[in-house]
Amino acid sequence: AARAVIGRCQARRRRGRCVLGWRVAAAITWSVLLLPICTAAFIILSGLDPFHPVRWISNSFNDLYTSYVIFCIFLMSMVIIIISIFNIEFYAVVPSIPCSRLALIGKIIHPQQVIHSFVHAIMGMLVTWCATVMTKGRFQFLAVSCTPSEGLEDAVPQMCLNEYHLFFLLSGAFLGYSYSLFYLINNMNYLPFPIIQQYKYLRFRRSLPLLIKHSCVESLHFVRNFCVTYYFFGYIPKVWICTTMDLHTDGKLHPLDTLSGLLDLSLFYHTWLSGVFLLMTWYIAWLLFKIYATESHHFPIQPTFAQETDQCLPKILNSNPPLLIKFLALQDLMLLSQYSPVRRQEVFSLSQPGGHPHNWTAISRECLSLLSDLTQRLIAQQEAAAAANGRAKPPVGELKVPPQTPEDMSFQSQRSNIVLRASMSPLVKPSLMPVKTSPGSDVGSPFSSPALNYKMGVVDIKSPWHGPVQSPHVMRRGPKLWTSVSDQQMNGSHHESFPVLSAARTGTEAVQPRFIYTWLQNKQEQIKTFLSKRALIMYFFSKHPEASIQAVFSDAQMHIWALEGLSHLVAASFTEDQFGVVQTTLPAILNTLLTLQEVVDRHFKLPHVSSKPPRISGSLVDTSYKTLRFALRASLKTALYRITTVFGEHLNAVQVSTEHKKRLQQFLEYKE
Amino acid sequence: QLSVLLSLQLTSEDMIAAFSQAVDWAGCTVRAFAWHPHTNKFAVALLDDSIRVYNSNSATVPSLKHRLQRNVAAMAWKPLCASILAVACQSCVLVWHLDPTSLSTRPSSGCAQVLSCPGHSPVTSLAWAPSGERLLSASPVDTAMLVWDVSTETCVQLQWFGGGGVTYLAWSPDGSKVLAATPSAVFRVWEAQMWTCERWPTIRGRCQTGCWSPDGSRLLFTVLGESVIYSLSFSEYRGEMQGQVGGSKTASIVADLSETTFETLYGEERIGGEVHSMVWDPTGERLAVIIRGEACPLFPPHSGFVRGERGARPQLISFHPCFPQGALLTVCWSSGKISHIPFFFVGALEPHASPRRSPVPVLGSVREQPLFSEL
């Protein structure tokens, strides 16, 4: 069975690669095709001779067709392909945000990143070697014959080290390494999705000026840093090369690791220019991959042939494809819900034999589970923040989610009931918590009424699955006295055993390990507090609040699309849904959105949380993941208003809790 | 292209005055007006750069002031939202986040987001997407118009060469298309999904104003120097035609407003001329226009006129976005008064039941609160 699961996973991954395959191929092809243009520009600029413009232009054009330039272009195409492969292997739609400095250092010395840096340094060296070959002149060869010294008449010509060439090669390695480092630090592997859809050519053209400017400035910075490094450490590689290749140093020439040696304008210009050339070609490959990968993809809603079932939007949403495919699917959902009445009709349609709204059920279930996942995560984060502040936990009972017992839902069909319970169960948990763990925390809450306790007890006993599924969560929601390890163990023990009886058994068994874990936890805390008093360690360990908030919302783009897609579909259903398939899910959707709205509101009231996005300068490096939470807040509100504006007074007929009814009324009166 | 060069030489205040939808932007007390798309709430920008927000359900009138709020040329409320107001200022776009339940009369400038982009000033026109997600801003000196994601303050430049900047924007109510007028004799219609555009050269001058039918299938526009209204129809938007605007080949003239003599209650009057601004009501049954230099807006096809108080000239017009019994026209007069003129009619069910002349206009200011800040 395990092998089957693995096989299926591989098949899924392959399918993901299939969708990506042609995009990657096209991106690489275009970046290789653009390489000769960059090379031509480089050759023209490197032979810059403003006093003899005619000779300069004609010389550069003659150089373009020489065999070594063509060889260089071929070599650099290889480099571009390797760089593209690294782009493809390292891309992420959810950025990984290091929360502390230690985590950042950990990322830098991660073997994967070390390989990335090493290969980029080699590639940088190759590109600058090509650049020296194409520039010609004094930079071209590593070994040159020494300038014959006077006086001595030994006819044996000695080979000397051309330090300029070495300087160039090392600068290439340095640039490659710096590129790799900045790629990591600036999260350049993150694929941001554009805020509006545009054709690829237009997106490329829009980014091109930025790209050129960015490469010029970056190259300037890198070359400056390299000069400083070479000034201090340049003698090491020089001596090493001289000894290994048995070369001499030319006494007539200025050594480059001195101030006067580095103050060579032509050297600086050529290093900078080859840096610009290197960065531009690499950034173009990176930009094209980004543009191709984030282009919207059209997923069919209903399969036309049986074998295409796996590629349908509902199937993909509910399976676990590579994240990029899931993102593309959600983006497509957002686009179709907004722009395509024909495809919306397919979503609302019933299956041919049977008449089940499979498409709508699958889509809405996935969107709702995404949103409730986020709700859970935010609640956990808020609890952690409250605990860290040393204050009492916020009364979770404020989240007045109605317990969706089968009695309440009896008006609905059995099928939607299951959907509802599946999607609502994570939301119910927090509201159950105060009853079980801290009954005194909110006396006024309706949930602490004995009648409801009794009711839930009935549910627990009647359906054996409620016990094991919910109790671990209840444990987890409770005060965090033990580590997550014990939590997992308890989860596991619960799942493998039978409900009520086994719960008691694991309870007694868990006493012993729990004690040990508590002890370990205490020790760990003690060590942490001890260490945190040392300033330097504090510097590395301290979590940056902004970064941890960004980390919580790092995949919020998915939730934004789920919100937009869902709300547009619900709004459209008011006029387009012939069979009323959306109506059955409307209470669940409203509940999920309103709960999320409360949690998000509370998140923005936490300390350390700024209510305004930081200013983003219009640079090439996209930092939109830093502001995703603001986009989420805005689109959540817009989504709720979209539904309330379309449905208006009809919403009063929808079954939601009184608390949510009040909130809905606020939305209906435009007072949120 | 002469006008492009001219527009570059104008000072920014002259430029706003030339391209604003207000008839006398430089001299009149009311510079911009905006109805909230869902509630009985409107914002008025005044000569002293302050903005007042009036609400039918509340007596408090918040007054918005900000260091950067200079020379307000346009305002727009965010759709599907309680109280977010975008303001086109001289140097930036300000987005006010007002608390609809607050009783404060001076919201702090911390409630305003500043959206600025180098080279994009003065901003003369704004348009929110009807779905509430994006904001468009335009400046006559910037050849690119900007699409803003306001929540994250990021923008995308939409550039198309030729024709200079963008002076006026109108987003079709169905959200599918955007009219972008330029200072030269050309205007563009953008399709709002893939953001491609169709270019429309006009014969005489630049496009002065335009408005969309409620279903987004028909665009009415006027051209500076001509006293006619053109109509341009678009193929029905089905969403499957990605990247196609789908405009018809030529624009047709639907109304000729050249000077004619009319019998009015006050005797014979000669009315007609160039159209300065034009609005279409949300039901699609009434069209209001301000004729340059005349005192009266006009309502074709069953035309009627609205006369202001003696000496008052119409400055700005706007229809209430969700008036249930018909249409509600709001006119800002040069005297500083704002009057609301209701038109009671039953929608498309009885197309010919509406009277030859629109119901007797209700004149005079509905609100007696002072329109000037007490500074």
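Because the structure is predicted, anything quoted here is derived from the model rather than measured.

Regarding the overall build of chain B
1) Next: From N to C terminus, chain B includes two helices and 28 strands.
2) Next: Nonlocal contacts in chain B, meaning residues at least 24 apart in sequence, comprise 48% of its contacts between residues at least 6 apart.
3) Next: Split by element, the accessible area of chain B, about 14,900 Å² in all, is 54% carbon and sulfur.

Describing the packing of aromatic side chains
1) Next: In total, this model carries 34 aromatic pairs over all chains according to the counting rule given.
2) Next: Seen from their ring centres, F232 of chain A and F233 of chain A are 6.5 Å apart, and the 55° between their planes marks the pair as tilted. Both residues of the pair, F232 of chain A and F233 of chain A, belong to the exposed class.
3) Next: The ring of W25 of chain B is capped by R31 of chain B, whose NZ or CZ atom sits 3.7 Å from the centre of that ring.
4) Next: We note R286 of chain B situated over the ring of F345 of chain B; from NZ or CZ to the ring centre the distance is 4.3 Å.

A closer look at the pattern of salt bridges
Residue and element names in this part refer to chain A.
1) Next: Applying the stated rule across the entire model yields 16 salt bridges over all chains.
2) Next: E546 serves as the salt-bridge partner of R629, at 3.1 Å between the closest nitrogen and oxygen. With a gap of 83 residues between them, R629 in helix 24 (residues 628–647) and E546 in helix 21 (residues 545–552) connect regions that are remote in the sequence.
3) Next: Here R663 makes a salt bridge to D601, at a shortest N to O gap of 2.9 Å. Placement of R663 in helix 25 (residues 658–668) and of D601 in helix 23 (residues 586–603) is noted, with a sequence separation of 62 residues between them.
4) Next: The class for D601 is partly exposed, based on a relative accessible area of 22%.

Re the interface of chain A and chain B
1) Next: Contact with chain A, which involves 30 residues of that partner, is made by 40 residues of chain B.
2) Next: When residues of chain A are sorted by the area they lose upon contact with chain B, I195, Y339 and Y670 of chain A head the list and together hold 22% of the total.
3) Next: Along the contact surface separating chain A from chain B lie one salt bridge.
4) Next: With a shortest N-O distance of 2.9 Å, R642 of chain A and E133 of chain B are connected by a salt bridge.
5) Next: Our count for the contact surface shared by chain A and chain B stands at eight residue pairs in polar contact (both at pLDDT 80 or more).
6) Next: The set of elements that each furnish at least two residues to the side of chain A that touches chain B consists of helix 7 (200–233), helix 12 (323–339), helix 13 (341–348), helix 22 (556–576) and helix 24 of chain A.
7) Next: In terms of residue count, the dominant contributor to the side of chain A that touches chain B is helix 24 of chain A (seven residues).
8) Next: Among the residues forming the side of chain A that touches chain B, the class breakdown is 14 nonpolar, eight polar and eight charged.

Let's talk about the nonpolar core
All names here are of chain A.
1) Next: Core analysis: the largest hydrophobic core is formed by 84 residues, its most contacted members being L313 and W360.
2) Next: Ranked by the residues each element gives to this core, the list is headed by helix 12, at eleven residues.
3) Next: In contact with L313, not counting residues within four places along its chain, are F299, P300, I301, A329, D332, L333, L336 and I363.
4) Next: Membership of the second largest hydrophobic core comes to 67 residues, among which are L161, L256, L278 and M280.

Cut-offs used in this document
- Residues numbered from 1 in each chain as written.
- Chains lettered and ligands numbered in written order.
- Predicted model: local features only at pLDDT ≥ 70, side-chain atom pairs only at ≥ 80, totals over all residues.
- Heavy atoms only, no water.
- Helix = DSSP H or I, 4+ residues; strand = E, 2+ residues; numbered from the N terminus.
- Contact = heavy atoms within 4.5 Å.
- Areas by Shrake-Rupley, 256 points an atom, 1.4 Å probe, with all protein chains shown as cover.
- Phe/Tyr/Trp six-rings, centres within 6.5 Å; stacked < 30°, edge-to-face > 60°.
- Buried < 20%, exposed > 50% of the residue type's maximum accessible area, 1.4 Å probe, protein only.
- Lys NZ or Arg CZ within 6 Å of the ring centre and 35° of its normal.
- Salt bridge = Lys/Arg side-chain N within 4 Å of Asp/Glu carboxyl O.
- Buried area = accessible area lost by both parts, 1.4 Å probe.
- Polar contact = N/O pair within 3.5 Å; in protein donor to acceptor, adjacent residues only side chain to side chain.
- Nonpolar A, V, L, I, M, F, W, Y, C, P; charged D, E, K, R; others polar.
- Core = buried A, V, L, I, M, F, W, Y, C linked by side-chain atoms within 4.5 Å.

Fair warning: the whole summary comes from geometry, so function is off the table for now.
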